Amino acid sequence: INDMVSYYIKADMALSALRDARMTSHYQIQDGVYCTEYDNSIKVYVNYTDSTVTVNGVIVEAKDCITIS
C-alpha cells in the first residue's frame, strides 16, 4: 500500500496542472523518450528506457517522467 500511495502522490504532483489542459502535441524525441505538450505551455517528458537521458537541458531519469512549465 505504501508503494501505491507513493505512486499516487508522484502522479498527482506531475499531472495536477494538466486537469483542465488540452494536449496540443505528442512526439518521440528518441527511442523510448516522448514529449507531450499542452495548451497551458506545460511539457511532459516520459523516459521509458533503462537509461537517464537529457532532453533540451532537462534530465529525465530512467523509467520516469518530468513536467516542465
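Higher on the page you've got the structure.
Notes on the structure follow. All figures in this text were calculated on a predicted structure; none of them were measured in a lab.

Reading the values: the criteria
- Residues numbered from 1 in each chain as written.
- Predicted model: local features only at pLDDT ≥ 70, side-chain atom pairs only at ≥ 80, totals over all residues.
- Heavy atoms only, no water.
- Helix = DSSP H or I, 4+ residues; strand = E, 2+ residues; numbered from the N terminus.
- Buried < 20%, exposed > 50% of the residue type's maximum accessible area, 1.4 Å probe, protein only.
- Pairing = 2+ DSSP bridges.
- Axes fitted to C-alpha atoms, helices over the stretch in contact; angles between N-to-C directions.
- Contact = heavy atoms within 4.5 Å.

1. Here's the deal with the overall build of the protein chain
Across its full length, the protein chain carries 1 helix and 6 strands. Taken from N to C terminus, the helices and strands of the protein chain fall in the order α-β-β-β-β-β-β. With the principal axes as the frame, the protein chain shows a C-alpha extent of 35 × 30 × 15 Å. For the protein chain, buried positions account for 22% of its 69 residues.

2. Thoughts on the sheet that holds strand S1 (residues 23-30)
Taking strand neighbours across the sheet as the criterion, the 4 strands line up as S1-S2-S3-S6 in an open arrangement whose pairing is antiparallel. Every other strand in the sheet has two partners, leaving S1 and strand S6 (64-68) as the edge strands with one partner each. Neighbour-to-neighbour, the strand axes of this sheet turn through a mean angle of 15°, independent of strand direction.

3. Some thoughts on the environment of tyrosine 34
With respect to the helices and strands, the residue tyrosine 34 is situated in strand S2 (residues 33-38). Looking at tyrosine 34, the relative accessible area reads 25%, which means it is partly exposed. With 31 residues separating them in the primary sequence, tyrosine 34 and cysteine 65 have C-alpha atoms 9.4 Å apart. Each residue touching tyrosine 34, except ones within four places of it in the same chain, is listed here: His26, Tyr27, Gln28, Ile29, Val44, Tyr45, Val46 and Tyr48.

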